[in-house]
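Inside the fold
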Amino acid sequence: MAYEYIFGIFACFLGFVLFYYNTRTNKTAAAAASTVVSARNGEVTEGTATDIIIVGAGVAGAALAYTLGKDGRRVRVIERDLNEPDRIVGELLQPGGYLKLIELGLEDCVDEIDAQRVFGYALFKDGKNTKLSYPLENFHSDVAGRSFHNGRFIQRMRHKAASLPNVSLEQGSVTSLIEEKGTVKGIQYKTKDGQEFMAYAPLTIVCDGGFSNLRRSLSNPKVDVPSCFVGLILENCELPHANHGHVIIADPSPILFYPISSTEIRCLVDVPGQKVPSVSNGEMAHYLKTTVAPQIPPQLYTAFITAVNKGNIRTMTNRSMPAAPQPTPGALLLGDAFNMRHPLTGGGMTVALSDIVLLRDLLRPLHNLHDASALCRYLESFYTLRKPVASTINTLAGALYKVFSASADKAREEMREACFDYLSLGGAFSEGPISLLSGLNPHPISLVLHFFAVAIYGVGRLLLPFPSPTRIWTGARLISGASGIIFPIIRAEGVRQMFFPATVPAYYRAPPVD
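Residues numbered from 1 in each chain as written. Predicted model: local features only at pLDDT ≥ 70, side-chain atom pairs only at ≥ 80, totals over all residues. Heavy atoms only, no water.

Things to note about helix α13 (residues 469–493)
Taking 1.5 Å per residue, 25 residues should reach 36 Å; α13 reaches 37 Å between its end C-alpha atoms and fits that length. Considered for burial, the residues of α13 that qualify are T474, G475, L478, A482, S483, I485, I486, I489, I490 and E493. G494 lies just past α13 and shows a positive phi near 110 degrees. (Helix = DSSP H or I, 4+ residues; strand = E, 2+ residues; numbered from the N terminus. Expected span 1.5 Å × (residues − 1). Buried < 20%, exposed > 50% of the residue type's maximum accessible area, 1.4 Å probe, protein only.)

Pasting the structure below:
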């Protein structure tokens, strides 16, 4: 009896030891499973488990990080420079983009940065001007465009994203994607002091801007550089139409003015081609004073010359790039790394924020992101679903830039004049185009109808009251020229996805079953 009693105590003790050892082993295994261990050049680094890696923390990256973090995803953001950016574009958010900002819960990011409300545009041509107001009657009084310093806006979004406990922002330069058998597993990046690290996640989203060095791994980009912007800041002056963007239809190409704070007005001078006059040897200042200054409104002339004399002249190439994705398991492109358009209409941030809302909604039903192939097939629907909004804004930007630019072709000049006069008619003639530009009516068919309405209006001006053979020929070339402007842009965007997205099989992709 005593023997059995002693044996029972020993068995209990042994069971306790085995249970304790098994618990410790499981904890160690779980810790190892939640840790990423990688080696390169003999260096071993560790990082905690991550659901999604985001490359870049500009407008798209920061907004996406907050959005996904708010949905409970563990997000890791790698940004080349976390200091406040200083750019001359990305400073005007259209009302359609502001509505997306509200949807994402980021509308307070335009607060406390001296952002200015924008209610429409004013067009100037040959001494005439017309005002085009956004159709905001059916929206809350807070809904309008916003203009601001780009860097201040980005920093507000970065701080908001970093305030979430499951979002981490790190400074580093991503050098490459890590691929295994055609699937992206993560990224390789360098810290400021030159150390190399690897980070892994089931999904990597690349949104590192217009100069992305990773896009070629995930798309087949065809980048066009139609022009360059020359940027100035005007001080101590007022715009002819308060709280409006101003477009001067000038020679050789448009000039833009809009407020970016309560005391500053941004001026962007478009210079066609990839080469601009030299800033360092004074050629640029001479060009601005002799070619540009005589064409701007008198109210801004003195401030413009003062800004030129100050010498703080910035330049930036304008890039256009249709989205050309190569669906890749484990990775996705977003923002300017994925799709660009001429910045004349200020539509870039609206497209990016619209894409983020769509991507958020697609990812929400998914609890498991680890089946890379199934996730990739499902997210092919993203490329189709985004098309109506993105392609409308992209096509409008490209077409308007070509129409507003001067040309030696008589038919093209007639089209430019017709466009200004058509928009000056008011009513549906101005409300339709401005609703497209503002992102409030992103319908491709509406864009095409208005574009050709301008062309037909131009032909009518030529033929009335008495048509002549020369005028008839010019009218025919006007219609031909209009077709030559818009149809190549539409073809690059994708006719089927743009106008008939419901016919694309990916449109109906359902979330993969966990």
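Let us keep going from here.
Re the domain arrangement of the chain
Taken domain by domain, the chain comprises domain 1 (52–113 + 148–222 + 322–364), domain 2 (224–320) and domain 3 (395–500). Look at where the C-alpha atoms of domain 1 and domain 3 centre, and you get two points 34 Å apart. Listed by partner, the interface residues are 9 residues for domain 1 and 10 residues for domain 3. Between domain 1 and domain 3, roughly 850 Å² of surface is buried when both sides are summed, and carbon and sulfur atoms account for 74% of that area. (Domains from an automatic or database assignment. Contact = heavy atoms within 4.5 Å. Buried area = accessible area lost by both parts, 1.4 Å probe.)

Considerations on the pairing of strand β3 (residues 52–55)
Judged by which residues are buried, β3 turns out to be covered on both faces: I52 and I54 on one side and I53 and V55 on the other are all buried. Where β3 and strand β4 (residues 75–79) come together, 4 bridges link them in parallel fashion. Residue pairing for β4: I54 is matched across the bridge by V77. Note that the unit made of β3, helix α2 (residues 59–70) and β4 has a crossover that is right-handed. In the sheet, β3 pairs with strand β14 (residues 203–206) via 4 bridges, with the strands oriented parallel. Bridged to I54 within β14 is I205. (Pairing = 2+ DSSP bridges. Right-handed = clockwise from strand over helix to strand, strands pointing away.)

Let's talk about the nonpolar core
The biggest cluster of nonpolar side chains holds 67 residues, and the ones touching the most others in it are I54, F153, I187, I205, L359, L363 and F382. The leading source of residues in this core is helix α7 (residues 348–363), at 9 residues. If we skip the residues at most four places from it in the chain, L359 touches L64, I205, L332, L334, L379 and F382. In terms of nonpolar packing, the next biggest core, distinct from the first, is built from 51 residues, V143, L268, L400 and L440 among them. (Core = buried A, V, L, I, M, F, W, Y, C linked by side-chain atoms within 4.5 Å.)

Things to note about the UniProt feature "domain: Squalene epoxidase" (unreviewed entry) in the chain
UniProt feature "domain: Squalene epoxidase" (unreviewed entry): in the numbering of this structure it lies at residues 201–473. What you have in residues 201–473 is 44% helix and 16% strand, and the ends, taken at the C-alpha atoms, are 61 Å apart. (UniProt positions renumbered as here; feature names shortened; annotations may be inferred.)

Some points on the state of the cysteines
Each disulfide is one covalent bond, formed between the sulfur atoms of two cysteines. Following the criterion strictly, the structure yields 0 disulfides and no others. C376 takes part in no disulfide bond, and the closest cysteine sulfur, belonging to C207, lies 17 Å away. Residue C376 is classed as buried on the basis of its relative accessible area of 12%. (Disulfide = S-S within 2.5 Å.)

Concerning the environment of A453
Structurally, the position occupied by A453 is in helix α12 (residues 444–463). Taking the C-alpha atoms as reference, A453 lies 26 Å from T350; in sequence the two are 103 residues apart.

So, the sheet that holds strand β15 (residues 224–235)
Spatially, the 7 strands line up as an open sheet ordered β8-β7-β16-β17-β18-β15-β19, and their pairing is mixed. Of all the strands in the sheet, just β8 (128–133) and β19 (314–320) have a single pairing partner and so form its edges. Pairwise comparison of adjacent strand axes, ignoring direction, gives a mean angle of 20 degrees for this sheet. The strands that helix α6 (residues 298–310) touches are β15, β17 (255–259) and β18 (264–272); relative to β15, the one it contacts most, it runs at about 105 degrees. (Axes fitted to C-alpha atoms, helices over the stretch in contact; angles between N-to-C directions.)

Focus on the side chain of E79
Counting through the fold element by element, E79 comes out in strand β4. Within polar-contact distance, the side chain of E79 engages the backbone nitrogen of A57 at 2.7 Å. Excluding anything up to four places from it in sequence, E79 contacts G56, A57, G58, R158, E170, Q171 and G172. (Polar contact = N/O pair within 3.5 Å; in protein donor to acceptor, adjacent residues only side chain to side chain.)

What about unusual backbone geometry?
Between D251 and the following residue, P252, the backbone shows a cis peptide bond with an omega angle of 15 degrees. Relative to the elements of secondary structure, P252 occurs in the loop between β16 (245–248) and β17. With an omega of 0 degrees, the peptide bond running from L464 to P465 counts as cis. In this structure, P465 sits in the loop between α12 and α13. The phi angle at K181 is positive, at roughly 55 degrees, despite the residue not being glycine. Turning to its location among the elements, K181 is positioned in the loop between β11 (173–180) and β12 (183–190).

Describing the pairing of β8
Side-chain direction in a regular strand flips from residue to residue, so the side chains alternate between the two faces of the sheet. Note that strand β7 (residues 120–125) and β8 share 6 bridges and pair antiparallel. Note that in β8 the partner of F124 across the bridge is N129. The turn linking β7 back onto β8 is made up of 2 residues, and D126 within it adopts a positive phi angle of 50 degrees.

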